[in-house]
Amino acid sequence: MLSKNRVIILNDGTSLDLRKIKWGAFRRDPYAMFLLGELYFTGQGVGKNLKKSIRWLTRSVDKGNTNAMYVLSMAAREYDDEQLHSRIHEMLLESAEQGCPLSMRQLGIDYHNGDYVERDLYASRDWLTKALEADCPDTRFFLGHIYFFAEEEDLRDRDRGLELLKIDSDEGNAEASYVLAIIYREGMVSEPNQFLYTKYIHKAGDQGSGIANLIYGDMMMEGSAYVEMDREGAYLRYRTALDQGCEAATANIGMCHMFGLGTEQDNALALEYLQRGVEADSVAAMNNLAMMYANGVGVEKDGAYAVELYRMAVEKGSMNALVNLAVMYAMGNGVEQDVAKAEELLTEAAEAGIPNAQMNLEALRNGAQTTRNVISFSNGKIKGVSVEERDEE
């Protein structure tokens, strides 16, 4: 959005004369009041102000503008007013019944999530179907999600769900492409299909999904039957993921700088990004930063802090960190040496199939030194779907 004098250029390229809009609003023109309320809601040209937005939208609604009712219901969600919150569903319902496709779609989403109304997947399906029939944008994804993942047999239609998700994916919806990737990875259609999983993760990344770029970067870092190893390309994917708001990528970027994978080896940058990852609650970052402090790589050696970081990661479910914590106990680094404790932790990790756990366990039992650490790749979540840690020796 750009503004010059009284002319506002919106994100879609539309130009509006702010002075004329305000003049019309003060003269109680319903459309002008709607436009001004929407501008205050989005913050385009006037600065975001929910109180003013709600005031002007309410006046427009009072004049019979149903489009204003939809925007008002959306602004009300962000405004701290319980009385207004109690009217959100009522406003959407009235607007939808008067033919507003956006209200139909939002009702479908609210019924699906149980927001401002009791959760009802059947009502969600019905309103989303009406929105789709009214050519409302961004509707297929939600409807496809219901059809595919519904537990109720009379509601579930996986063929229809898959069809809608594929159409949305082909039209550029990164979320649809990502969900399709998970469907094929987990074998929800037939058997797990690594080729289609890779295809849709790649597609979602190219369409702007940060988490997909993070995962595809891991694929490029390791190489597979369907992805050529390209560590420079992987590093660029991680950077792109971070630019797209995926903070989990900081752990991977830090790891790349720690070991010079796809970019220059730089301990200072590794430290910077791994610390940022820890602040973002990334267990991979906790594990890798702990390795720096445990071994004094680029920082003053601090075994006690390394143990603290490993424990934080273990508490969040990182089995990689469990192996590394066992190594700390075995060597007495940052903690009192406790071989029995180290064996206990390594046995747990070995049973979970974690790299180097069995090797360290055998070395421990043979009286040899246990020093093989496990490096963590990315770990993230989206839409309730977990993305496992990826490991490399």
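Everything here concerns the structure above.
Within any chain, residue numbers begin from 1 and follow the written order of that chain's sequence. In view of the model being predicted, local features appear only for residues whose pLDDT reaches at least 70, and side-chain atom pairs are presented and counted only at 80 or more, with totals across whole chains, interfaces and linings using the full set of residues. No hydrogens and no water enter the side-chain calculation; it runs on all heavy atoms of the structure.

### Let's talk about the packing of helix H19 (residues 319-331) against helix H20 (residues 339-351)
Applicable threshold: Axis lines are fitted to C-alpha atoms, over the contacting stretch for helices. Their N-to-C directions set the angle, which ranges from 0 to 180 degrees. In this text, helices come from DSSP runs of H or I with a minimum length of four residues, and strands from runs of E with a minimum of two, each type numbered from the N-terminal end. Roughly parallel here means an angle under 35 degrees, roughly antiparallel means over 145, roughly perpendicular means 65 to 115, and every remaining angle is called oblique. Should the near helix be turned anticlockwise from the far one by less than a right angle, the crossing is left-handed, and should it be turned clockwise, the crossing is right-handed. Any two residues whose heavy atoms approach within 4.5 Å at even a single point are treated as in contact. For this classification, Asp, Glu, Lys and Arg are treated as charged, while Ala, Val, Leu, Ile, Met, Phe, Trp, Tyr, Cys and Pro are nonpolar and the rest, including Gly, are polar.
Packing of H19 against H20 brings their axes to within 8 Å, and their N-to-C directions diverge by 160°. In this view, H19 runs roughly antiparallel relative to H20, as classed from their interaxial angle. As H19 runs across H20, the sense of the crossing is left-handed. Taking contact as the criterion, the partners of Met319, Leu322, Val323, Leu325, Ala326, Tyr329 and Ala330 in H19 are, on H20, Lys341, Ala342, Leu345, Leu346, Glu348 and Ala349. When grouped by side-chain class, the residues that make up the contact of H19 with H20 number 11 nonpolar, no polar and 2 charged.

### Here's the deal with a negative patch on the surface
To be explicit about the condition: For patch detection, residues must exceed 30% relative accessible area and be free of salt bridges, and they are connected within 9 Å for like charges or within 5 Å for nonpolar side chains (Val, Leu, Ile, Met, Phe, Trp, Tyr). Per-residue and other accessible areas were derived by the Shrake-Rupley procedure at a 1.4 Å probe size, with only the shown protein chains allowed to occlude residues. Any Lys or Arg side-chain nitrogen found within 4 Å of a carboxyl oxygen on Asp or Glu counts as a salt bridge. Counting rule applied: Lys, Arg positive; Asp, Glu negative; His and chain ends not counted. Taken as the charge centre is NZ of Lys, CZ of Arg, CG of Asp or CD of Glu, depending on the residue. Relative accessibility under 20% of the residue-type maximum defines a buried residue, over 50% an exposed one, and the middle range a partly exposed one, all with a 1.4 Å probe and only protein chains included.
Taken together, Glu336, Asp338, Glu344, Glu348 and Glu351 make up a surface patch of like negative charges. On the secondary structure map, glutamate 351 appears in helix H20. On the basis of relative accessible area, glutamate 351 is assigned to the exposed category, the value being 68%.

### Notes on the environment of glutamate 186
The cut-off we apply is this: Between N or O atoms, a polar contact is any pair within 3.5 Å; within protein, one atom must be a potential hydrogen donor and the other a potential acceptor, and residues adjacent in sequence are included only when both atoms are from side chains.
In this structure, glutamate 186 sits in the loop between helix H11 (174-185) and helix H12 (194-206). Spatially, the C-alpha atoms of glutamate 186 and phenylalanine 34 are 46 Å apart, while their sequence positions differ by 152 residues. A distance of 2.7 Å separates polar atoms of two side chains, one belonging to glutamate 186 and the other to arginine 185.

### Focus on the nonpolar core
To keep it simple, the criterion reads: Residues belong to one nonpolar core when they are buried, are Ala, Val, Leu, Ile, Met, Phe, Trp, Tyr or Cys, and are joined through side-chain atoms within 4.5 Å.
Within the largest apolar cluster, 40 residues are counted, with the highest numbers of intra-cluster contacts made by Leu36 and Leu57. Mapped by element, the contributors of at least two residues to this core are helix H1 (18-26), helix H2 (30-42), helix H3 (50-62), helix H4 (66-77), helix H6 (88-97), helix H7 (101-113) and helix H8 (121-133). The contact partners of leucine 57, leaving out residues within four places of it in the chain, are Met33, Phe34, Gly37, Glu38, Ala68, Val71, Leu72 and Ala75.

### So, the packing of aromatic side chains
What counts is decided by this rule: Here a Phe, Tyr or Trp ring, Trp counted by its six-membered ring, pairs with any other such ring whose centre lies within 6.5 Å, and the pair is stacked when the planes are under 30 degrees apart, edge-to-face when over 60, and tilted otherwise. For a Lys NZ or an Arg CZ to count as sitting over a ring, it must be within 6 Å of the ring centre and within 35 degrees of the ring normal.
All chains considered together, the criterion is met by 7 aromatic pairs. Between the aromatic rings of phenylalanine 195 and tyrosine 226, the centroid separation amounts to 5.5 Å while the plane-to-plane angle is 65°, which identifies the pairing as edge-to-face. Taken together, the positions of phenylalanine 195 in helix H12 and tyrosine 226 in the loop between helix H13 (210-222) and helix H14 (231-243) put the pair 31 residues apart, joining distant regions of the chain. Using a relative accessible area of 46% as the deciding quantity, one classes tyrosine 226 as partly exposed. We note lysine 130 situated over the ring of tryptophan 127; from NZ or CZ to the ring centre the distance is 4.3 Å. For the cation-ring pair, arginine 158 lies above phenylalanine 148, with the distance from its terminal atom to the ring centre recorded as 4.6 Å.

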